[in-house]
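Tertiary structure, described
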Amino acid sequence: AQSVTQPDIHITVSEGASLELRCNYSYGATPYLFWYVQSPGQGLQLLLKYFSGDTLVQGIKGFEAEFKRSQSSFNLRKPSVHWSDAAEYFCAVGASINTGTASKLTFGTGTRLQVTL
Amino acid sequence: DAGITQSPRYKITETGRQVTLMCHQTWSHSYMFWYRQDLGHGLRLIYYSAAADITDKGEVPDGYVVSRSKTENFPLTLESATRSQTSVYFCASSLGQAGGNQPQHFGDGTRLSIL
């Protein structure tokens, strides 16, 4: 069974500083990997996804993530954080359903990002 | 474009009562999912559905029942609510077409409190 570890429960960065959120996964095959963001009282919004190909993927809001198979990692990065990025971030790994194109997602426990001005 | 709508947004009920959470999507996505979100656990899959009349268990299905008579609706029922089912519940949907794995799109959640 797949699993996801987000080792940082809470991170605080200053506005304008760079950001890296860590994600490690466990999965027997090539994983489908996702990063979602959740603002208070809202659902989850997809930031980016990795299925195959280029290991550096670009997402919305200036985020990117790099897939490193040797380290079983999919860390999320942003070069310059804005105050509006304060939210909770979830990494997820997907296992195909019946070899189809949908996935059952397994989520990490999330990292709460606080941005100081 | 309404997307995916969950109702109610907030619900308080008592132990032993039956409660149904509604989920409606306007995208005609074939796959739909129910998750619960609890502190320290992230989101955990309760049930999912690949199409109308096709459902399957996820990681934490005990105490829940689902149905899917129409593609656009995927209600989740707690037949006899317990305090351990106090949580925030999220519905999600995704396409089921060939051409690559599809991400899931989430509703805004239902916050359920069981007294």
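Just so we're clear, the structure is a prediction, and the values are computed from it rather than from any experiment.

Let us look at the overall build of chain A. From N to C terminus, chain A includes zero helices and twelve strands. For chain A, the N- to C-terminal ordering of α and β elements is β-β-β-β-β-β-β-β-β-β-β-β. Since a compact globule built from 117 residues should have a radius of gyration of about 13 Å, the 14 Å found for chain A is in line with a globular shape. Taking the principal axes of its C-alpha atoms as reference, chain A extends roughly 45 × 30 × 25 Å. For chain A, the residues scored as buried account for 46% of the 117 residues in total. Across chain A, every contact between residues at least 6 apart in sequence was considered, and the portion connecting residues at least 24 apart equals 54%. Just so you have it, chain A exposes about 5,400 Å², and 47% of that area is on carbon and sulfur atoms.

Moving on to the overall build of chain B. Helix and strand content of chain B: zero helices and eleven strands. Listed N to C, the secondary structure of chain B is β-β-β-β-β-β-β-β-β-β-β in terms of helices and strands. Taken over C-alpha atoms, the radius of gyration comes to 14 Å for chain B, in line with the 13 Å a tight globule of 115 residues would show. Projecting the C-alpha coordinates of chain B onto the three principal axes gives extents of approximately 45 × 30 × 25 Å. By the burial criterion, 48% of the 115 residues in chain B qualify as buried. Considering only intrachain contacts with a sequence separation of at least 6, the fraction spanning at least 24 residues in chain B is 56%. Of the accessible surface of chain B, which amounts to about 5,500 Å², a share of 47% is contributed by carbon and sulfur atoms.

Moving on: the sheet that holds strand β1 (residues 4–7) of chain B. Residue and element names in this part refer to chain B. Read from one edge to the other, the open sheet built from four strands follows the order β1-β3-β8-β7, with strand pairing classed as antiparallel. Each edge of the open sheet is held by one strand with a lone partner, namely β1 and β7 (64–66). If you compare each strand with its neighbour and ignore which way they point, the axes differ by 20° on average. Judged from the three bridges that link them, strand β3 (residues 19–25) and strand β8 (residues 76–78) form a sheet pairing that is antiparallel.

Let us now look at the layout of surface pockets. Taken as a whole, the largest pocket encloses approximately 570 Å³ of empty space. As for the largest pocket, its lining consists of 26 residues, and the residues nearest its centre are Q38(A), E88(A), R112(A), Q37(B) and L39(B). Here the element with the most residues in the lining of the largest pocket is strand β10 (residues 87–96) of chain A; it accounts for three residues. Per-class residue counts for the lining of the largest pocket are eight nonpolar, twelve polar and six charged.

Taken as a whole, this structure holds 17 aromatic pairs over all chains when the rule is applied. Aromatic side chains Y36(A) and F106(B) sit 5.3 Å apart centroid to centroid with 80° between the ring planes, which places their arrangement in the edge-to-face category. Of this pair, Y36(A) sits in strand β5 (residues 32–38) while F106(B) sits in strand β10 (residues 105–106), which puts the two residues in different chains. Residue Y36(A) is classed as buried on the basis of its relative accessible area, which comes to 0%.

Our focus in this paragraph is the environment of G53(A). Relative to the elements of secondary structure, G53(A) occurs in the loop between β6 (44–50) and β7 (56–58). Note: C-alpha distance between G53(A) and F67(A) (14 residues apart in sequence) is 9.9 Å.

We now examine the pattern of salt bridges. Inspection of every chain in the model, using the stated rule, returns eight salt bridges over all chains. Here R22(A) ties to D8(A) by a salt bridge, and the two come within 2.9 Å at their closest N and O atoms. In this pair, R22(A) is assigned in the loop between β3 (19–21) and β4 (24–26) and D8(A) in the loop between β1 (3–5) and β2 (10–14), connecting sequence segments 14 residues apart. For R22(A), a relative accessible area of 39% corresponds to the partly exposed category. Given a relative accessible area of 19%, D8(A) falls into the buried group. For R44(B), the salt bridge identified is with D38(B), shortest N-O distance 3.0 Å. Classification of D38(B) as buried rests on a relative accessible area of 14%.

Residue and element names in this part refer to chain B. Along β1, the buried face is formed by I4 and Q6; none of T5 and S7, which line the opposite face, is buried. Across four bridges, β1 lies against β3 in antiparallel orientation. Opposite I4, over in β3, you have Q25 as the bridge partner.

Reading guide: rules and limits
Residues numbered from 1 in each chain as written. Chains lettered and ligands numbered in written order. Predicted model: local features only at pLDDT ≥ 70, side-chain atom pairs only at ≥ 80, totals over all residues. Heavy atoms only, no water. Helix = DSSP H or I, 4+ residues; strand = E, 2+ residues; numbered from the N terminus. Rg over C-alpha atoms; globule rule 2.2 N^0.38 Å. Buried < 20%, exposed > 50% of the residue type's maximum accessible area, 1.4 Å probe, protein only. Contact = heavy atoms within 4.5 Å. Areas by Shrake-Rupley, 256 points an atom, 1.4 Å probe, with all protein chains shown as cover. Pairing = 2+ DSSP bridges. Axes fitted to C-alpha atoms, helices over the stretch in contact; angles between N-to-C directions. 1 Å grid on protein atoms, 1.4 Å probe; cavity = no way out; pocket = protein on both sides within 12 Å on 5 of 7 lines; lining within 4 Å. Points joined across faces, edges and corners; volume = space filled by probe spheres on them. Nonpolar A, V, L, I, M, F, W, Y, C, P; charged D, E, K, R; others polar. Phe/Tyr/Trp six-rings, centres within 6.5 Å; stacked < 30°, edge-to-face > 60°. Salt bridge = Lys/Arg side-chain N within 4 Å of Asp/Glu carboxyl O.

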